[in-house]
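# Analysis of the macromolecular model
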Amino acid sequence: MNTESAVTESVELAANSVGPVWPLHSFVTANPLAGFEDQPFHEAVQQAERLFGGDGYPSPDLFRRAWETGRIDPHVLAEELDAHGYDDDPEALLDRMDATADQTPDADTAETPAERVDAVLTKWLAAFLDQGTATWPMPNREQGFYAAVRSVASHDGDIPDGAADAWPADPEDAIERVLDEHPKDEWPTILEQQLTALPGWAGFIKQRAADDDAWQSTYPITLAEYLAVRLTLSELFDAPITPPEQATESSVTGDGAVPLEEVWLSAWEASYRSELVDAVTDAGALAAEADGGRPDAQFVFCIDTRSEIIRRHIEATGDYDTHGYAGFFGIPMRYEGYDVDVTVDACPPILDAQHRITDRPTTDPEDKAAYDRWSNVRDAGGKLVKSLKENAATAFSYVESAGSGYGLALAARTLLPTRVRDVLDATDERVPDAHEFCEPSVDYNPDAVTELREGLTVAERADYAATAFELMGWEQFARVVVFAGHASQTANNPFDSSLDCGACAGNPGGPNARVLAAICNDADVQAELRERGIEIPDDTVFLAGEHNTTTDEVELYDGPVPESHADDIAQLRADLETARAGAAAERTESMGSGGAGGVRETERRAADWAETRPEWGLAGNAGFVVGPRALTDDLDLGGRSFLHSYDWTTDDGGDALEAIVTGPMVVTQWINTQYYFATVDNDVYGSGSKVTHNPVGNVGVYQGNGGDLMTGLPLQSLMAADDEPYHQPLRLSTVIHAPVERVTDILADHENVTELLDNHWLSLTVVDPEQDHCAFHYDGDLTWVPADQSDHRPTATTSTVETGTTGD
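Residues numbered from 1 in each chain as written. Predicted model: local features only at pLDDT ≥ 70, side-chain atom pairs only at ≥ 80, totals over all residues. Heavy atoms only, no water.

## Observations concerning the nonpolar core
Cut-off, in case you're wondering: Side-chain atoms within 4.5 Å link the members of a nonpolar core, which is a set of buried Ala, Val, Leu, Ile, Met, Phe, Trp, Tyr and Cys residues. Exposure categories follow from relative accessible area, calculated using a 1.4 Å probe and restricted to protein chains: below 20% of the type maximum is buried, above 50% is exposed, and the middle band is partly exposed. In this description a helix means any DSSP run of H or I spanning at least four residues, a strand means any run of E spanning at least two, and both kinds are numbered starting from the N terminus. Pairs of residues are marked as contacts when any of their non-hydrogen atoms sit within 4.5 Å.
Ranked by size, the top nonpolar core spans 141 residues in total, and within it Trp 264, Phe 469, Phe 483 and Leu 747 carry the most contacts. Here this core gets eleven residues from one element, more than from any other, and that element is helix H13 (residues 260–288). Setting aside chain neighbours within four positions, we find Phe 469 in contact with Trp 474, Phe 477, Phe 483, Cys 520, Leu 529, Ile 534, Ile 536 and Phe 542. Judged by nonpolar contacts, the second largest core, of 55 residues, contains Val 18, Leu 179, Trp 201 and Val 229.

Take a look at the structure:
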């Protein structure tokens, strides 16, 4: 093997240990241990503890509180402990875990050579990867990261020897020169250690290189270049290159070598899962007996846990059906809004965008002109203020003259955030939104010259519409059908995109809803659907909308509504306001306001720039239910479950369920593990307190004035108080209403999904309508056990009830 291929192969192997990190403006909730999903969960967290220093399980104190408050069923815990060879009583076992946790060595406060390497390296990473916020950008970025740093190294006084001869011209040569004294079979381990020293920056570089977006094309950077700089600096600072000796494992194990923490976590999850499964099983028969009458309206919300709350309250206001569907509404699109300079891929990260959709002005010139005037004034004012603040000749005089005005504005936004919001809303009402005079470019345009095809053909549009209806199991349509995307509304929040639609890659879901509504209103599409056996009544109108998850307002985009439906829409708006009030009261109570203030309190939280917790986001998520709404419409799931509509009776071949299992179930597992790990160790897998965040380069945040990019969620998104988590760190419990044999066939065809289940990254229970709605729990190797037995079995056992299908 030649040297270059050895370096390349070693870098690729080492990179598996680093999870992807997306830029903060398009935050994607992903599993920080994604590279370890081919290992059993307890082995993966032990490996991650060695590499990252992060805890992989809740603290003994959190287990104790869950046990004492009844969240961990004592009978389930006793049987789990017995099955794994732990004979002591729970209190003694908690004390053992406490003693192990207290063995953490005291930190050395002296700065080490490795820390000096990190300080210099992160300084240049922040400068190179800046996305438009720096007034004076780093020179020579177009040459690539390694060449750019090499060109400025001699001018950096923090580097001991910046001479050019210390930096080979080629980054591969730089890596090879430092590693040459080590055997080649040790290279991947050495590079793994170097990458995991700063997993935030390394993960960001990994994802940016994979995306190959406009920033990457203009200012390229690779993990090999990053490692070349890091290893060269390590040599100059005389920092260690090889990994330190591995410490002894801190976990407590029993006869079966399964850590005690894993057993407690499994018991906690089984206690939650049994309640969820029992409720769904009891409702299974009711799902088959639904009357099937035509509702006044149908709503399709994202499967997001926050939708569960507003759906309950909407259904309580009238004869409305609500459904759950992935929030990108099945359309993998790259979206460019009107008067916006950048495009976004509004689809899950596991998919590539296939279509370019832009907002095109329609025939309403007055609204467009009003919007353009306001936009031009706003942009010109922003550029003027920026130039005055950044120009050396005007900066001081500007501050002196404008200081009093800024002071009044600061005081108003701090002391009267709701009043300020009212003023801004009144201003916005005078200016039309872009969606009021634009329509999405759904029609296929073969003449458009873009990186992706503009629009969709009639056949493609019909495919997306048919897929939506088939996955949700629809056989009837109301007079009004609303596709409601979702977005959040916050002020002064670098993590605002983490509260937007995860299925849209951290972007608002309204544009995707508008595209699907336009598709379904298309006469040519409806004709194509009729040929496929999907009959849409002549009086059915499709609308788009957007659910504001911070205030629970649902805005309807009703441009194409005919006069015949005016009364329907008026009633719908009134009922949505009623539902909003109920949902807002429920949300504010969960945030410590006791339900006081309701809608007004949610509006304050949305407008208050000092509010560190405008909403809980998806905190609390623990379950994913796939089945008809009748399974859950009488249940208050507390905003803890993702809900995807599915009707097994309309899915003869199982294609719809296969799409759900391989798509939304995987994405919800990503979201769940992000929340899990950020809760159990926020310093390593989260981002610490918002109070001390320092945004850097429009790509992420530091804690303080430098260091690694913080990769996960902030404390305020997870913790009710410093020592009181709001989010219960549980792995995802999925419940599917379908025949067991059908689910087994799907798993047999998708090894990546089966691997997640076999390695206990999530659990799966099937409520089988062909077996009297009995529940069966996945038990490994494509086998099942009755759910009333499964919650008391050892983690690694495989004795099972067979379904007749086996996998190779």
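## Some words on empty space enclosed by the protein
Short version of the rule: Buried and open spaces are told apart on a 1 Å grid over the protein atoms alone, a cavity being a set of points where a 1.4 Å probe fits but cannot get out and a pocket being an open set with protein on both sides within 12 Å along at least five of seven lines. Residues with an atom within 4 Å of a point are the lining residues. Grid points are joined across faces, edges and corners, and a volume is the space filled by probe spheres set on the points. Only Asp, Glu, Lys and Arg are considered charged in this grouping, and only Ala, Val, Leu, Ile, Met, Phe, Trp, Tyr, Cys and Pro are considered nonpolar; every other residue, Gly among them, is considered polar.
In total, this model carries three cavities of 30 Å³ or more according to the counting rule given. Roughly 70 Å³ of internal volume is contained in the largest cavity. Lining the largest cavity are Arg 311, Gly 324, Val 625, Gly 627, Pro 628, Arg 629, Leu 631, Thr 632, Leu 643, His 644 and Ser 645. Tallied by class, the residues present in the lining of the largest cavity amount to four nonpolar, five polar and two charged. Space inside the second largest cavity adds up to approximately 40 Å³. Looking at the second largest cavity, the residues that line it are Val 28, Thr 29, Pro 349, Gly 502, Val 667, Trp 670 and Ile 671.

## Thoughts on the confidence of the model for the chain
Quick reminder of the rule: The pLDDT value tells you how sure the predictor is about a given residue, anywhere from 0 up to 100.
Taken residue by residue, the chain gives an average pLDDT of 88. The fraction at 70 or more is 89%. Across residues 792–808, confidence stays below pLDDT 50; counting only partners more than four residues off in sequence or on other chains, it has 41 contacts.

## Focus: the packing of helix H8 (residues 171–179) against helix H12 (residues 223–236)
Formally: For helices, the axis comes from a line fit to the C-alpha atoms of the stretch in contact; other axes are also lines fit to C-alpha atoms, and the angle between any two N-to-C directions lies between 0 and 180 degrees. An angle counts as roughly parallel when it lies under 35 degrees, as roughly antiparallel when it exceeds 145, as roughly perpendicular when it falls between 65 and 115, and as oblique in every other case. By definition, any crossing whose near helix is turned counterclockwise from its far helix by less than a right angle is left-handed, and any crossing with a clockwise turn is right-handed.
One can describe the packing of H8 onto H12 by two numbers: an axis separation of 8 Å at closest approach and a directional angle of 45°. Classified by the angle between their axes, H8 and H12 sit oblique to one another. Here H8 runs over H12; the crossing is left-handed. Between H8 and H12, the contacting residues are Pro 171, Ala 174, Ile 175, Arg 177, Val 178 and Leu 179 on the first element and Ala 224, Glu 225, Leu 227, Ala 228, Leu 231, Thr 232 and Glu 235 on the second. Of the residues contributing to the contact of H8 with H12, the split by class is nine nonpolar, one polar and three charged.

## A few points about the sheet that holds strand S5 (residues 355–361)
Spelled out, the test is: Pairing between strands is defined by DSSP: at least two bridges between them are needed.
As summarised here, the arrangement of the four strands in space is S4-S3-S5-S6, forming an open sheet in which the pairing is mixed. Two strands lie at the open edges of the sheet, namely strand S4 (344–346) and strand S6 (438–440), each paired on one side alone. Strand-to-strand twist in this sheet, taken as the mean axis angle between neighbours without regard to direction, amounts to 30°. The pairing of strand S3 (residues 333–336) with S4 spans three bridges and is antiparallel. Residue Met 333 lies in a different strand from S4, and its bridge partner there is Ala 346.

## Thoughts on helix H27 (residues 751–758)
Just so we agree on the cut-off: Note that the arc is defined by the directions from the helix axis to the C-beta atoms.
Listing the buried residues of H27 in full gives Val 753, Thr 754, Leu 756 and Leu 757. One face of H27 carries all of its buried residues, which in axial projection span an arc of 155°. Looking one or two places after H27, you find His 760, whose phi comes out positive at around 65°.

## Quick notes on the side chain of Gln 298
Heads up, the condition is: Distance and chemistry together define a polar contact, namely a pair of N or O atoms within 3.5 Å, with one atom able to donate a hydrogen and the other to accept it when in protein, and with adjacent residues in sequence counting only for side-chain atoms on both sides.
With respect to the helices, strands and loops of the structure, Gln 298 is situated in strand S1 (residues 297–302). Gln 298 sits in the buried class, given a relative accessible area of 2%. For Gln 298, the side chain forms a polar contact with the main-chain oxygen of Gln 476, separated by 3.3 Å. Once residues within four sequence positions are removed from consideration, Gln 298 is found in contact with Asp 321, His 323, Trp 474, Gln 476, Phe 477, Ala 478, Val 480, Val 481 and Val 482.

## Let's talk about helix H2 (residues 41–52)
Defined as follows: Expected helix span is computed as 1.5 Å times (number of residues minus one).
Taking 1.5 Å as the rise per residue, H2 with twelve residues should run 16 Å; its terminal C-alpha atoms sit 16 Å apart, in good agreement. Taken as a whole, H2 has its buried residues at Phe 41, His 42, Ala 44, Val 45, Gln 46, Ala 48, Leu 51 and Phe 52. Directly beyond the C-terminal end of H2, a positive phi value near 80° is found at Gly 53.

## Some words on a negative patch on the surface
Stated formally: Like-charged residues are merged into a patch within 9 Å and nonpolar side chains (Val, Leu, Ile, Met, Phe, Trp, Tyr) within 5 Å, provided each residue has over 30% relative accessible area and no salt bridge. The Shrake-Rupley method, run with a 1.4 Å probe sphere, supplies the accessible areas, and residue values consider only the shown protein chains as cover. A side-chain nitrogen of Lys or Arg and a carboxyl oxygen of Asp or Glu constitute a salt bridge if their distance falls within 4 Å. In this charge count, Lys and Arg are treated as positive and Asp and Glu as negative; neither His nor the chain ends contribute. For the purpose of locating charges, the reference atoms are NZ of Lys, CZ of Arg, CG of Asp and CD of Glu.
The grouping of Glu 275, Asp 278, Asp 282 and Asp 788 at the surface amounts to a negative patch. The element that contributes the greatest number of residues to the negative patch is H13, accounting for three residues. Looking at the element boundaries, Glu 275 is found in helix H13.

## Side note on the environment of Pro 614
Among the secondary structure elements, Pro 614 is positioned in the loop between helix H22 (598–607) and strand S10 (623–626). Using a relative accessible area of 4% as the deciding quantity, one classes Pro 614 as buried. Along the backbone, Pro 614 and Ser 717 are 103 residues apart, and their C-alpha atoms lie at a distance of 9.0 Å. If sequence neighbours within four positions are ignored, Pro 614 has contacts with Thr 490, Asn 493, Leu 499, Thr 550, Met 591, Arg 605 and Lys 690.

## Points about the sheet that holds strand S11 (residues 641–644)
Adjacent strands of a sheet form backbone hydrogen bonds with each other and so pair up, either parallel or antiparallel. Judged by pairing direction, the sheet is mixed, and its six strands sit side by side in the order S11-S10-S16-S17-S18-S19 without closing on themselves. Each edge of the sheet is formed by a strand with only one pairing partner; in this case those strands are S11 and strand S19 (784–786). Each neighbouring strand pair of the sheet contributes to a mean axis angle of 25°, computed without reference to strand direction. In terms of strand pairing, strand S18 (residues 774–778) meets S19 through three bridges, oriented antiparallel. Paired with His 777 across the two strands is Val 785, which belongs to S19. Contacts between H27 and the sheet are confined to strand S17 (762–768) and S18, with S17 contributing the most and set at about 105° to the helix.

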